[in-house]
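Read off the chains here:
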Amino acid sequence: MFGPFGALPFVHGFEQNFCLNFIPVYLPRIVVIPASDYINVTPGNTSHLLINITNTGNGKTVVMNQVVDWPSGDWLVSIPSVVLDMNTSDEICVSVVPPSDFNGTDTITISFTPYKADDYNQHGAPVNITITVICEA
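Cut-off values and rules
Residues numbered from 1 in each chain as written. Predicted model: local features only at pLDDT ≥ 70, side-chain atom pairs only at ≥ 80, totals over all residues. Heavy atoms only, no water. Pairing = 2+ DSSP bridges. Helix = DSSP H or I, 4+ residues; strand = E, 2+ residues; numbered from the N terminus. Axes fitted to C-alpha atoms, helices over the stretch in contact; angles between N-to-C directions. Polar contact = N/O pair within 3.5 Å; in protein donor to acceptor, adjacent residues only side chain to side chain. Contact = heavy atoms within 4.5 Å. Core = buried A, V, L, I, M, F, W, Y, C linked by side-chain atoms within 4.5 Å. Buried < 20%, exposed > 50% of the residue type's maximum accessible area, 1.4 Å probe, protein only. Phe/Tyr/Trp six-rings, centres within 6.5 Å; stacked < 30°, edge-to-face > 60°. Salt bridge = Lys/Arg side-chain N within 4 Å of Asp/Glu carboxyl O.

Chemist: Help me understand the sheet that holds strand β7 (residues 89–97) in this model?
Modeler: Across a sheet, strands are paired by hydrogen bonds formed along the backbone, either parallel or antiparallel in direction. With antiparallel pairing, the four strands of this open sheet are ordered in space as β1-β3-β7-β5. For this open sheet the edge positions go to β1 (30–34) and β5 (76–78), each flanked by a neighbour on one side alone. Strand-to-strand twist of the sheet, defined as the mean angle between neighbouring strand axes without regard to direction, takes the value 20 degrees. Relative to β7, β5 is paired through three bridges, and the arrangement is antiparallel. When the bridges of β7 are listed, L76 appears paired with V97.

Chemist: Help me understand the side chain of T61, please; the structure alone is not making it clear to me.
Modeler: By secondary structure assignment, the location of T61 is in strand β4 (residues 61–69). A polar side-chain atom of T61 sits 2.8 Å from a polar atom in the side chain of Y26. When near neighbours in sequence (up to four residues on either side) are disregarded, T61 contacts Y26, N55, V82, V83, L84, P114, Y115 and A117.

Chemist: For this particular structure, what's the right way to read the pairing of β7?
Modeler: Regular strands have side chains that alternate between both faces of the sheet. Judged from the eight bridges that link them, strand β3 (residues 47–55) and β7 form a sheet pairing that is antiparallel. Bridge assignment links I51 to a residue of β7, and that residue is I92.

Chemist: Can you help me understand the nonpolar core in this one?
Modeler: The nonpolar side chains of soluble globular proteins are, as a tendency, buried together. Membership of the largest hydrophobic core comes to 24 residues, with the highest contact counts inside it found for I51, I53, I79, I110 and F112. Of all elements in the fold, only β1, β2 (38–41), β3, β4, β6 (82–84), β7, β8 (105–116) and β10 (127–135) reach the threshold of two or more residues within this core. Broken down by element, this core gets its largest block of residues, four residues, from β10. Those residues in contact with I79, other than ones at most four positions away along the chain, are I51, N65, V67, I92, C93, V94, I110 and F112.

Chemist: Sorry, what's going on with the packing of aromatic side chains here?
Modeler: Describing an aromatic ring pair means giving the distance of the ring centres and the angle of the ring planes. Scanning all chains against the criterion turns up two aromatic pairs. A ring pair is formed by W75 and F102, whose centres lie 4.8 Å apart and whose planes are at 70 degrees; its orientation type is edge-to-face. Taken together, the positions of W75 in the loop between β4 and β5 and F102 in the loop between β7 and β8 put the pair 27 residues apart, joining distant regions of the chain. This pair shows no difference in class: W75 is buried, exactly as F102 is.

Chemist: Which parts of the structure should I look at to understand the pattern of salt bridges?
Modeler: If the charged atoms of two oppositely charged side chains come close together, the side chains can form a pair. Throughout the structure, instances matching the rule amount to one salt bridge. The shortest N-O distance in the salt bridge between K116 and D118 comes to 4.0 Å. Residue class for K116 comes out partly exposed when judged on its relative accessible area of 24%.

Quick look at the structure:
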């Protein structure tokens, strides 16, 4: 492009290279799939249920587990936490010991919350599953 009277150039060819650095934000995503949606138990004895957890997020993730609802009485429910790298899965085992006077059917709800492995302030929404407990006595 030239100035008035076509004598002076206003703009010469221009080229610029930029380097942009991006730091992706932590994306907490997990998929929780129990081996079954029910567990058969014998009162006073330990029963187990396997649960598969997959990290589909973009960083190393610690999955913290918490039993959020269980039947009244002297129930013992044990579930470990797990650390998962990106795009990996692991199977954990839920152990359930109902009281010796348990009879019938009830439910247990477990919450799985993903946390960034090196910064527990960054976490995702919990994934809840409900397992039906059936007495085999």
